[in-house]
Each structure stands twice: as structure tokens, then as C-alpha cells.
Amino acid sequence: GGIPAMSLALAAEIFFRLPPNLIGSRVLGAARLGLIAPLLQESLKGIAVLYIALRYRHEFDNVLDGIVYGAVIGFGFAMTGNLISHMSAFALRGFEALSVPALVKGLLDGLNHGFYTAIFGAGLGFGRLAQERWRRWAWPLVGFLLAVTAHSLHNLLAWSLLGVDAVTMVTTTAGIILIGLVAG
């Protein structure tokens, strides 16, 4: 999930850059973090999970499979993003850029990306188990919308508006616990 999704995400974010004077830099920043980035990233990671679900249908049996495949793709996406981010920060600022807070933020972002994509994977898993035809597509849609919403809320609350790392830790921990409960 890392290399193709990250490459497409970077290309799309560069393509969709709006001029800051059009709507204001603060509004533009909130729109990028709260809408564009989550929608784009969850779509690209979701395509990878959907590919696995369709291509390897005999291996994608239930909700737990969706959680596992989704989380692994989310972790791959985050790992690739962290690698690019940390390497470029190191190239610009040296070892001081690789501080403990920066590495912890990278770890938390990785857990979050695994969590968001696991939500979509769980939706695919519920759809796989559904008897009614309409639920087979409704569950994945609900999972996708929940993943984008969780990602958007996290970006807006934890990073752009409040800047509180404690919120990130609480939401990450709660998400991991929730996914564990669903998997159980």
C-alpha cells in the first residue's frame, strides 16, 4: 500500500494545490488537512484493500481479514510517508530533525493510518458476510465514510487546530482498542 498510494497521493496533492490568496491560508490549510488529504489518502489506500478483496476473494473471508489487510496497507502507506519525511528532514536539518517527538509522531501517524484503513477493511469484511445484495456495497461505503471521517477529525483536532499531541495519543489508543474489540 505504501509506494503506489504514496506516489499517487503526492502527485494529486501537488495537482490540487489552490492559491492561498483565493480563500485564505488558514481555511486552505484546514481544507487540505481536514478534507482533501483524508479523502485522497483513504481513497488510494482503499483501492489497494479493494484490489486484495476482489483479486484474492478466497483469502478475504470476513471482518478480521478486512481489518488485517486494511491495517497492513495503512502501515505500509505510513511507513513510506515517514521514510520520505524523515529522510528529507534529515537532509535539510541533520540529526536534530530526528528528535524523539518527530519519531513518536511518525509512530502515531503509522498507527492512525493502520486504524483508518482497517475501518474500511472491516466494512469490506462486513459486506463480504452480508446476505442482502444492497448490504454488500453499503457496508464498504459506510466503512469508507467512517475512515475518512475519523481521519478528518483527527487531522483537524490533533494537528491543525489544537496542536495537542495528547489528543493524538488518546485517539490513536482508542482506535487501536476499538479495532482490537472488533477483531475479537
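Throughout what follows, the structure given in this document is the object of discussion. (Residues numbered from 1 in each chain as written. Predicted model: local features only at pLDDT ≥ 70, side-chain atom pairs only at ≥ 80, totals over all residues. Heavy atoms only, no water.)

## Focus on the overall build of the protein chain
The secondary structure content of the protein chain amounts to 7 helices and 0 strands. The secondary structure elements of the protein chain, listed N-terminal to C-terminal, are α-α-α-α-α-α-α. Within the span of the protein chain, comprising 184 residues, buried residues form 39% of the whole. Across the protein chain, contacts joining residues at least 24 apart in sequence account for 74% of those joining residues at least 6 apart. Carbon and sulfur atoms provide 73% of the accessible area of the protein chain, an area that totals close to 10700 Å². (Helix = DSSP H or I, 4+ residues; strand = E, 2+ residues; numbered from the N terminus. Buried < 20%, exposed > 50% of the residue type's maximum accessible area, 1.4 Å probe, protein only. Contact = heavy atoms within 4.5 Å. Areas by Shrake-Rupley, 256 points an atom, 1.4 Å probe, with all protein chains shown as cover.)

## Some thoughts on the nonpolar core
In this structure, Val-49, Ile-67, Phe-115, Ile-119, Phe-120, Leu-124 and Ile-179 are the most contacted members of the largest nonpolar core, which totals 19 residues. Secondary-structure elements contributing two or more residues to this core are helix 3 (25-55), helix 4 (63-93), helix 5 (100-129) and helix 6 (133-161). In terms of residue count, helix 5 provides more of this core than any other element does, 7 residues in total. Not counting residues up to four positions away in its chain, the partners in contact with Leu-124 are Val-49, Leu-50, Ala-53, Phe-60 and Pro-140. (Core = buried A, V, L, I, M, F, W, Y, C linked by side-chain atoms within 4.5 Å.)

## A closer look at the packing of helix 4 against helix 5
Close contact between helix 4 and helix 5 brings their axes to 6 Å; oriented N to C, the two are set at 150°. Classified by the interaxial angle, the pair formed by helix 4 and helix 5 is roughly antiparallel. The way helix 4 lies across helix 5 gives a crossing that is right-handed. Residues that form the contact of helix 4 with helix 5 fall into these classes: 15 nonpolar, 12 polar and 1 charged. (Axes fitted to C-alpha atoms, helices over the stretch in contact; angles between N-to-C directions. Parallel < 35°, antiparallel > 145°, perpendicular 65-115°, else oblique. Left-handed = near helix turned anticlockwise from the far one by under 90°. Nonpolar A, V, L, I, M, F, W, Y, C, P; charged D, E, K, R; others polar.)

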